[in-house]
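# Observations on chain architecture
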Amino acid sequence: MAIDRRTLEQLEACRPGSDDLQSADMAELARRVAEDPEVREAYRRAQQWDAAVGEAIERVNVPGDLAERLMKALDGAAAKSPIDSDAATVDPAALGTAAMIAAVGPDSPHSGAALDERTDTDEQATVALSDGGATGEHRTSRAGARTGWSRRRWLTAGLTVAAAVVVGAFVSQQFGRGEQTALETLADGWMAELQPTWLDVAKAPPRFEIPDSVTGEAIGWQRIGKIGGVRGVAYKLSHAAAGTARLFVVPLARGGLPTSPPTGPQSATGGKSIGYWKTNGLVYVLVVDGDDRSYRTFVSTARMPVA
Amino acid sequence: MAEGAAPPDVGQLVSDYHQALYRYAFRLAGSAADAEDLTQQVFLIAQQKLDQLRDANCVRAWLFTVLRNCYLKTRRQRVPLPAAAVELDINLVPDAVTANDIDSERLQAAINSLDDDFKVTLLLFYFEHRSYREIAEVLEIPIGTVMSRLARAKSRLRQQLGEPDDQRPPQSDLKLDQRSAYASYRHSTTSNH
């Protein structure tokens, strides 16, 4: 068959069993389908193919206990709102992430869902923080930040942060590169080792508890150790504003690691952002599904000066 | 649900939509673990943002949109669509095919190979049953771009579904149990060349 590209694209755009062919955009295609047997046959085949693929594409096995696990996670999130813990540790960058809750949700009138079209991110962030409670202090400081800081002060703060990042990156490159590669490799192995079933967080070994510096709701835990011969624990974390993450807690003899969670990921690959540190003989590797903003939301910055 | 009715509670949403969302998430993300994470993330957001839903009749579309946005937000890697995929060949469309003739694992591998722009367009068409005009509005792109993406993505699917087994890329982490008789599909494809 020799059918021109435009015709092919048009007939591929017609949903099976629909009246798409009757729309004004498709008038030329409709005429050709009616008059040209070759185009008519192509249209018939495309419709048949689309019906088959459309049906096949929805054939996915759903885990039998998925609804139960989802409800458990939602109950946990409701009992201890992740936004609440975020509010307790928020900085301007985290506020931006909190505001992303709204950005993640549909905000387009074209989405087919009729939503309130609130787009003021500051308002969204404040609402989110208010929902979490214990927000007066943060709202006050945020309001102060908006109104009380001069441009020069913001510039100074920005330069200070930028300088710290540059120095940190240099130090990391000079002294921590070997550890970084090794830990990322281990983390890859641990990720692959994870089983679909997670255990009750309340019964996680206290020795490997989640540090306060990591925010988000712990959904479950499981033991790890087949990879690299290191016995430890993995946690599944969830955060309404930042998605999901895994935290690996392992007793490793490593030097040169930060003693608290880095404010930004040490590496990002494959849609995951990774940060690691060592405290009291335990190495923590945080693997966040998302970008550096998502990562920052999972890490408390309460003890760090903003500027 | 009646027009203007109060939005359902999140427990009801889980009961009604977790399967559809998981299936959609699986096709988008390509793995069971990521699909479950995405599904959970959607309901966590729904729990907080359900009050923004003005029309309860739109809850399915709303959840799908949240899912799509969650997926795109976490995606950073771009998988370029190979140039070969832009070749539109109607001869690759088999004369007769049913859903049972399509290997689910191979279908997923083909979807995984698409760039997100193409993948999302394709799933809006197949999974959300959106028209080309609606897709253009959702993605804020011209209708012509939608048509082009759909044609290219479908062509890519047909190419991969029609490849002999020894040319398939290794797929180790897909554990769908729907390994239907693909041979019949391949036969019908080649017999129409």
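How each quantity is defined
- Residue positions are given per chain, counted from 1 along the sequence in the order it is written.
- Chains and ligands are labelled by the order in which they are written, letters from A for the one and numbers from 1 for the other.
- Whole-chain, interface and lining totals are the exception, using all residues; otherwise, since this is a predicted model, local features are given only for residues with pLDDT of at least 70 and side-chain atom pairs are given and counted only at 80 or more.
- The basis for the side-chain values is all heavy atoms of the structure; hydrogens and waters are excluded.
- Per the convention used, a helix needs a DSSP run of H or I reaching at least four residues, while a strand needs a run of E reaching at least two, with both numbered from the N terminus.
- In this analysis, two residues are considered to be in contact whenever any of their non-hydrogen atoms come within 4.5 Å of each other.
- Accessible surface area values rest on a Shrake-Rupley calculation with a 1.4 Å probe, where residue burial reflects the displayed protein chains alone.
- The rule for pairing is simple: two strands pair if DSSP sees at least two bridges between them.
- Whether a residue is buried, partly exposed or exposed follows from its accessible area with a 1.4 Å probe, protein chains only, as a fraction of its type maximum: under 20%, in between, or over 50%, in that order.
- Side-chain atoms within 4.5 Å are what join buried Ala, Val, Leu, Ile, Met, Phe, Trp, Tyr and Cys residues into a set we call a nonpolar core.
- Counting of polar contacts relies on pairs of N or O atoms within 3.5 Å, with two restrictions inside protein: one atom must be capable of donating a hydrogen and the other of accepting it, and residues adjacent in sequence are counted only when both atoms are side-chain atoms.
- Definition used for salt bridges: Asp or Glu carboxyl oxygen within 4 Å of a side-chain nitrogen of Lys or Arg.
- Only C-alpha atoms enter the line fits that serve as axes; for helices the fit covers just the stretch in contact. Angles between N-to-C directions range over 0 to 180 degrees.

In terms of helices and strands, chain A carries 11 helices and six strands. Taking the intrachain contacts of chain A between residues at least 6 apart in sequence as the baseline, contacts between residues at least 24 apart amount to 58%. Only carbon and sulfur atoms are counted for the fraction: they give 54% of the accessible area of chain A, which is about 14,600 Å².

Residue and element names in this part refer to chain A. Bridge analysis of strand β4 (residues 267-269) against strand β5 (residues 272-279) gives three bridges, and the strand direction is antiparallel. Note that in β5 the partner of Ala 268 across the bridge is Ser 273. Linking β4 back to β5 in an antiparallel pair, the connection comprises two residues, with Gly 270 at a positive phi of about 60 degrees. Pairing of β5 with strand β6 (residues 282-289), which is carried by eight bridges, proceeds in the antiparallel orientation. Among the inter-strand pairings, Ser 273 is bridged to a residue of β6, identified as Val 288. Taking the residues between adjacent antiparallel strands as the criterion, β5 and β6 are bridged by two residues, where Asn 280 takes a positive phi near 50 degrees.

The next thing to look at is the pairing of strand β3 (residues 243-251) of chain A. Note on strand geometry: in a regular strand, side chains alternate between the two faces of the sheet. Residues and elements named next belong to chain A. Across the nine residues of β3, eight count as buried, placing the element largely inside the fold. Looking at chain direction, strand β2 (residues 232-239) and β3 are connected through seven bridges and run antiparallel. Bridge pairing in β3 links Ala 234 to Phe 248. Remark: three residues form the turn of the hairpin made by β2 and β3, two consecutive strands paired antiparallel. Here seven bridges tie β3 to β6, and the two strands are oriented antiparallel to one another. Among the inter-strand pairings, Val 249 is bridged to a residue of β6, identified as Tyr 284.

Further remarks concern the nonpolar core. If you look at the biggest cluster of nonpolar residues, it comprises 79 residues, and the most contacted ones within it are Leu 63, Leu 107 and Leu 157 of chain B. When sequence neighbours within four positions are dropped, the list of residues in contact with Leu 107 of chain B reads Val 53, Ala 56 and Ile 57 of chain A together with Arg 27, Ile 102, Leu 157 and Leu 161 of chain B. With 19 residues, the next largest nonpolar core counts Tyr 235, Trp 277, Leu 282 and Val 288 of chain A among its residues.

Within the element layout of this structure, Asp 289 of chain A appears in strand β6. A polar side-chain atom of Asp 289 of chain A sits 2.6 Å from a polar atom in the side chain of Thr 244 of chain A. A distance of 2.6 Å separates a polar atom in the side chain of Asp 289 of chain A from a polar atom in the side chain of Lys 272 of chain A. Those residues in contact with Asp 289 of chain A that lie beyond four places of it in its chain are Ala 242, Thr 244, Ala 245, Arg 246, Gly 271 and Lys 272 of chain A together with Asp 37 and Thr 74 of chain B.

Attention now goes to the interface of chain B and chain A. In this complex, chain B contributes 79 residues to the contact, which on the side of chain A involves 82 residues. The interface formed by chain B and chain A contains seven salt bridges. One salt bridge connects Asp 37 of chain B with Arg 246 of chain A, and the closest N-O pair in it is separated by 2.7 Å. The tally of links between chain B and chain A comes to 21 residue pairs in polar contact (both at pLDDT 80 or more). For the side of chain B that touches chain A, the secondary structure elements donating two or more residues are α1 (10-29), α2 (32-49), α3 (59-74), α4 (104-112), α5 (116-126), α6 (132-139) and α7 (143-161) of chain B. With 12 residues, α2 of chain B is the largest single contributor of residues to the side of chain B that touches chain A.

Residues and elements named next belong to chain A. Mapping Ser 273 onto the fold places it in strand β5. One polar contact links the side chain of Ser 273 to the main-chain carbonyl oxygen of Asp 291, over a distance of 3.3 Å. Those residues within four positions of Ser 273 in sequence are excluded, and the remaining contacts are Pro 265, Ser 267, Ala 268, Leu 286, Val 287, Val 288, Gly 290, Asp 291, Asp 292 and Tyr 295.

Bringing the sheet that holds β3 of chain A into the picture now. Taken together, six strands build an open sheet; the order of strands is β1-β2-β3-β6-β5-β4 (chain A) and the sheet is antiparallel. Where the open sheet ends on each side, the last strands, each with one partner, are β1 (217-224) and β4 of chain A. Within the sheet, the average angular offset between the axes of one strand and its neighbour, ignoring direction, is 20 degrees. Each of β1, β2, β3, β5 and β6 of chain A touches α2 of chain B; the most contacted strand, β2 of chain A, lies at about 40 degrees to it.

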